[in-house]
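Each chain, written out:
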Amino acid sequence: MTRGPSSGDAVEAGWQAVRADGRVRPELLEAAYAEPRLRQLFPWTGMGELHFSRCTEGRWTWDIPYIQPGAGGRYWVSGPLRTEAVGPAETVAQAIAMVLERLPAGCGPAFLGTPEELAAHEAVLGRRDG
């Protein structure tokens, strides 16, 4: 019997797709990918922003801050929701650190599936732990 892709395979394919689409600054992509806690999450882009999801299939999760390009090579960290701002970052390293400080507890590796499937999986785990 053939096994389907693992979440690691799907996440790696996501990183390759984000690199190929050219919407995010290369230095931001490389710095985020170099950080093991972010590399295990599913990346996606929007309007030059780099987002991270705890699952591999869309709609993706919106519970992790994201990084936006700023003027003069700077960055702005927002989220996790579009209405929430974390603040400015002078460097890519500062932006990455701001995201890492705000990762949800027990974050990663990305779940192979949708946000709804992730929520159901976490609900079962919660019942076992409780």
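If you're wondering where the values come from, they're calculated on a predicted model, not measured in any experiment.

Reading the values: the criteria
Residues numbered from 1 in each chain as written. Predicted model: local features only at pLDDT ≥ 70, side-chain atom pairs only at ≥ 80, totals over all residues. Heavy atoms only, no water. Helix = DSSP H or I, 4+ residues; strand = E, 2+ residues; numbered from the N terminus. Phe/Tyr/Trp six-rings, centres within 6.5 Å; stacked < 30°, edge-to-face > 60°. Buried < 20%, exposed > 50% of the residue type's maximum accessible area, 1.4 Å probe, protein only. Lys NZ or Arg CZ within 6 Å of the ring centre and 35° of its normal. Salt bridge = Lys/Arg side-chain N within 4 Å of Asp/Glu carboxyl O.

Colleague: What should I look at first to understand the environment of Q40 in this one?
Modeller: Assignment of secondary structure puts Q40 in the loop between α3 (36-39) and β1 (42-46). Considering only alpha carbons, one finds Q40 and S53, 13 residues apart in sequence, at a separation of 9.5 Å.

Colleague: Looking at this model, I keep getting lost on the packing of aromatic side chains. Mind explaining?
Modeller: Here the distance between the centres and the angle between the planes together describe a pair of aromatic rings. For the structure on display, the rule yields six aromatic pairs. For the ring pair W44 and W62, a centre distance of 5.3 Å and an interplane angle of 75° mean the geometry is edge-to-face. On the criterion of sequence distance, the pair formed by W44 in strand β1 and W62 in the loop between β2 (49-53) and β3 (66-69) is long-range, its members being 18 residues apart. With relative accessibility at 11%, the residue W44 sits in the buried group. Residue classification places W62 among the partly exposed residues on the basis of a relative accessible area of 33%. Judged by centre distance (6.0 Å) and plane angle (85°), the rings of W62 and Y66 are edge-to-face. One aromatic cluster is present, built from ring pairs that chain together F42, W44, W60, W62 and Y66. One cation-aromatic arrangement involves R19 over Y33; the distance from NZ or CZ to the ring centre is 4.4 Å. Taking NZ or CZ as reference, R25 lies 4.8 Å from the ring centre of Y75, over its face.

Colleague: I'm lost on the pattern of salt bridges in this one. Help?
Modeller: For side chains of opposite charge, pairing can occur when their charged atoms come near one another. For the structure shown, the criterion picks out nine salt bridges. Between D21 and R23 there is a salt bridge, with its nearest N and O atoms 3.7 Å apart. R54 is the partner of E122 in a salt bridge, and the nearest nitrogen-oxygen pair spans 2.6 Å. Here R54 lies in the loop between β2 and β3 and E122 lies in helix α5 (residues 115-129), a separation of 68 residues in the sequence. The class of R54 is buried, set by a relative accessible area of 14%. If you follow the salt bridges from partner to partner, you end up with R54, D63 and E122 in one network.

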